[in-house]
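Tertiary structure, described
The lines below spell out each chain.
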Amino acid sequence: MASSDFCLVNIENGPVRGLKTKNLFASEYYSFRGMPYMKAPLGKLRFREAESPENWTDAFDATQEGPSYCMTDFMTGLQDGQENSGTINIYTRNMQPKELHPVMIWIHGGGYCRGSSRTDLYGPDYIIEKNVVLVSFNYRLGAIGFLSLDDESLKVPGNVGLKDQIFALKWIQRNIHNFGGDKKRCTIFGESAGGASVNFLTITPQSEGLFQRAIIMSGSVFNRTWSLARRNKQAQRLAEILGWKGDPQNEKEILEFLETIPAFELDNASRTLMSFEEQYGFGIMVPFAPVVEPYETTNCFISKEPIEMAREAWSNSIDIIVMGTSFEGLLRAFIEEEKAYELLQTPGYFAPLNDLNLKSDDEEASKFGTRIRDLYYGSALPSIENQEQYLRFSSDFHFWHGLHRLLQSRSKYSSASTYLLRFDVDAELNMFKALKKTQHYRGACHADDIFYLFTTNYHTPPSFDSREFKTIQRMVGIFTGFAISGNPNCEEVSNLKIKPYGETNSFKCINITENNVTEIELPEINRMKVWDSVYEELQVPMY
């Protein structure tokens, strides 16, 4: 490449060499990938809070794709990555604009155990076409990111994966002006575990002032089957799976043992950690996730139940967008084992047991579980033959009721605007739907929406006259319009005014299909009211 294809920027740690390139529209932009924002979390740092990287003198090469953390890729099924992966990526059209540009900060999903910020799934081409600076980064995953121990002297209370996100956001505040970005106009957005992370970032006091707007996609702090873990002796159980035979009360020995295990072995063992009942009865989707920390520290991220933190969150004064897909539960289409449906003959497993603090065989669990089961199955019993009913239940159990509770919390405690989008596109770019082999169902699978925001290596970009491309334009227009001005209304969606949720005391949403964008009553709302009734009768607060 010619020297004109490269660019040099000085950041707080030293010079960085980026690449001048073009997007799909032949627009030039600058790409800086794989820049370290934290010291390699190796050895004694593996489970502990991030530290700043060492400074460098020679230009750091940020022209190539950075690594991911050690994990099993959810698109390919292959294991990839390394532990030294605390990196950040920045894409910008203008390094020295007359006026600094708004910044959009993407937080990837993957159930807190998979995923990365790499461009194989999150290419910048569409978003960078607008006058924004796009940023993405990695954070620690799985046991390494979310191990939690009671012993205060060990300094492993948990949530370093989330604390990495704070560390990255602070790095962005200190450095983004070097890339033409305005640190006072930052919007964080993310999907799935990235969406729940965004929601966690909006309720923790640690993040105040680090961003000004947020977009929460398909995840929230109210989804207790996967966004908030029970502290159920996970470290001890993991160590025992890996062959540890010491004193189960000695967390120091457990920690020292886990510090020696190769990262991929931790990943493999973690996937065998959950019992069959935990997975298919309680519906727990991931072995390690955010936790309420057992003791407070200076950087404590989750100090008490998230439902309580949300009531008094600093972010109740900022505008947010909430979005879900129309058939989130297609993500669970892999559940085909006969014994899983045998387990679901127990009606108590249909109740939100974690929220209600019930056991599956409790009388109240059976009563309310039956009410919820009948909402989806009528008089039928769960079986492989009526899988769609289980997938509809999963949509609400794992995703939509959590989003609904988030909306109600914002309606009660927030003074700012909350916008509700429903992604109901069913077209060729619905890659997760194709991956789950569920094309015969109408609607958008969990994570299908990311393919209408980013370019990926898994499909050919659609032609500019296709309905897929028109959907991309609408999605990018809404998201970047919100980031730029705080207003999701944009020229790409000129046929209606996008109003805040609940503005007219109704349950209306902005419904995005492959053909148009309309305002409709939320199709899930009547089911949400049935779920609400369970909490209300048991006097368990929903928000």
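Here's a quick rundown of the structure. Note that the structure is predicted; figures quoted are calculated from it, not measured.

**Some thoughts on the pairing of strand 13 (residues 418-423)**
A regular strand places its side chains on the two faces of the sheet in alternate fashion. For strand 13, the tally of buried residues reaches six of six residues, placing the bulk of the element in the interior. Relative to strand 13, strand 12 (residues 320-325) runs parallel, the two sharing six bridges. Paired with valine 322 across the bridge in strand 13 is leucine 420.

**With respect to the pattern of salt bridges**
Overall, the coordinates contain 35 salt bridges when judged by the stated rule. For lysine 304, the salt bridge is made with glutamate 312, and the minimal N-O distance between the two is 2.8 Å. Take lysine 304: its relative accessible area is 27%, and that puts it in the partly exposed class. According to the relative accessible area criterion, glutamate 312 is exposed, its value standing at 56%. Between arginine 442 and aspartate 426 there is a salt bridge, and its shortest N-O distance comes to 3.7 Å. A residue pair is termed long-range when its members are at least 10 positions apart, and arginine 442 in the loop between helix 13 (431-435) and helix 14 (467-485) and aspartate 426 in the loop between strand 13 and helix 13 qualify at 16 residues. With relative accessibility at 17%, the residue aspartate 426 sits in the buried group. Overlapping salt bridges, with partners in common, bring together Arg422, Asp424, Asp426, Lys433, Arg442, Glu514 and Glu524 in one network.

**Observations concerning the packing of helix 4 (residues 234-241) against helix 5 (residues 251-258)**
The N-to-C vectors of helix 4 and helix 5 enclose an angle of 50°; their axes lie 10 Å apart at closest approach. Considered as vectors, helix 4 and helix 5 are oriented oblique to each other. In this structure, the crossing between helix 4 and helix 5 has a hand that is left-handed. Between helix 4, through Ala235, Gln236, Leu238 and Ala239, and helix 5, the contact on the second element is made entirely by Ile254, Phe257 and Leu258.

**Topic: unusual backbone geometry**
With a phi close to 70°, asparagine 159 is a non-glycine residue in the positive phi region. With respect to the helices, strands and loops of the structure, asparagine 159 is situated in the loop between helix 1 (142-146) and helix 2 (160-175).

Cut-off values and rules
Residues numbered from 1 in each chain as written. Predicted model: local features only at pLDDT ≥ 70, side-chain atom pairs only at ≥ 80, totals over all residues. Heavy atoms only, no water. Buried < 20%, exposed > 50% of the residue type's maximum accessible area, 1.4 Å probe, protein only. Helix = DSSP H or I, 4+ residues; strand = E, 2+ residues; numbered from the N terminus. Pairing = 2+ DSSP bridges. Salt bridge = Lys/Arg side-chain N within 4 Å of Asp/Glu carboxyl O. Axes fitted to C-alpha atoms, helices over the stretch in contact; angles between N-to-C directions. Parallel < 35°, antiparallel > 145°, perpendicular 65-115°, else oblique. Left-handed = near helix turned anticlockwise from the far one by under 90°. Contact = heavy atoms within 4.5 Å.

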